[in-house]
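# Architecture and fold: a report
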Amino acid sequence: MKSSNTRRDFLRTAAVVGTTLALSGCSGGNIANSEGQKKNEPSSKPDVNKMGGEVTATEDLMREHGVLRRALLIYSAAAVKLRADPSTIPPDALQQTTKLFRGFGEEYHEKKLEEAYIFPAVKKAGGEAAIYSDILVVQHNRGREITDFIIRATQGAKLGASNSEPLAKALEAFVLMYRNHAAREDTIIFPAWKETMTGNQLDELNDKFEDIEHEQFGDDGFEDAVKQISAIENSLGLADIAQFTAPPPPKP
Ligand SMILES: [Fe+2]
Ligand SMILES: [Fe+2]
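Residues numbered from 1 in each chain as written. Chains lettered and ligands numbered in written order. Predicted model: local features only at pLDDT ≥ 70, side-chain atom pairs only at ≥ 80, totals over all residues. Heavy atoms only, no water.

In this structure, H65 (NE2), H109 (NE2), E114 (OE) and E185 (OE) serve as the protein donors to the iron ion (ligand 2), at separations of 1.9 to 2.2 Å. Each of the four donor atoms bound to the iron ion (ligand 2) contributes to angles spanning 80 to 161 degrees, and the resulting shape is irregular. We note that the donor set of the iron ion (ligand 2) lies within a single chain, spaced as H-x43-H-x4-E-x70-E. (Donors = N, O, S within 2.8 Å, 3.2 Å for Na, K, Ca; no water. Tetrahedral: all angles 85-135°; square planar, octahedral: opposite > 155°, others 65-115°.)

Here you go:
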């Protein structure tokens, strides 16, 4: 993510400034005339007021949930349409959603971050959050089974009446599970995980997660995932958020 470059630039600049301070004997006048920063040049201090700021590891995890929640909204809409008229759901749009959930959700967010870093740390720390770790892994694994099923069920050119009910049920069960799952992670697991680290350790993990994301997706994993989910919403007529504004309540 581009925003993390801001953080890295910040750290790099801070290191350079720190070295300069040490070499100059911490004298303000000397610093201004030291190598690399001539008098009257703009200060090389990190611009902490730069727009956007850094993305922390917990913010990263929660906005990844945002992408996955948008996939769940597509699943919910698809389940309703499958029951009404299966031919109105293009299987490839549903399959693209499922493949995005697999790549971005299961293989990256769950496997590389939650199962590798977050759950072990939370479990080790004990307390309320630790109790959740095992069931959350069970749910990841069940989710993967259902994802396999959805990929198989959406391979044909059309969805027919014969497989629409089992598919609708699987989608609904997946949605209910992950709405509960992600809400607990956001409110119990991630805050508990943050509590296991100092600010410096969290900073290191921010960078580590950034590296994992780049390894997995190249430069813009999150941004690409948002673009993909937006395109699928568009193809299914779900992009315009105004259609979801609730009607007014009944008058007294
Ligand atoms: Fe999870
Ligand atoms: Fe999660």
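From this point on, the discussion continues.
The next point concerns the packing of helix α3 (residues 57–84) against helix α8 (residues 221–235). Running from N to C, α3 and α8 cross one another at 15 degrees; their axes reach a closest spacing of 10 Å. By the angle class used here, α3 and α8 are roughly parallel. Regarding α3 and α8, the two cross each other, and that crossing is left-handed. Seen from α3, the contacting residues are R63, E64, V67, R70, A71 and I74; seen from α8, they are F222, A225, V226, I229, S230, I232 and E233. A class-by-class count of the residues in the contact of α3 with α8 yields eight nonpolar, one polar and four charged. (Axes fitted to C-alpha atoms, helices over the stretch in contact; angles between N-to-C directions. Helix = DSSP H or I, 4+ residues; strand = E, 2+ residues; numbered from the N terminus. Parallel < 35°, antiparallel > 145°, perpendicular 65-115°, else oblique. Left-handed = near helix turned anticlockwise from the far one by under 90°. Contact = heavy atoms within 4.5 Å. Nonpolar A, V, L, I, M, F, W, Y, C, P; charged D, E, K, R; others polar.)

We now examine the coordination of the iron ion (ligand 1). Coordination of the iron ion (ligand 1) by the protein comes from E114 (OE), H140 (NE2), H181 (NE2) and E185 (OE), over a distance range of 2.0 to 2.2 Å. Coordination geometry of the iron ion (ligand 1): the four donor atoms subtend angles of 80 to 175 degrees at the metal centre, consistent with an arrangement described as irregular. Sequence spacing of the donor residues for the iron ion (ligand 1), all on one chain, is E-x25-H-x40-H-x3-E. Separating the iron ion (ligand 1) from the iron ion (ligand 2) is a distance of 3.3 Å, and E114 supplies a donor atom to each of them. Here the residue H140 occupies a position in helix α5 (residues 128–153), and H181 occupies one in helix α6 (residues 161–195), the gap between them amounting to 41 residues. Under the relative-accessibility criterion, H181 is labelled buried at 2%. (Buried < 20%, exposed > 50% of the residue type's maximum accessible area, 1.4 Å probe, protein only.)

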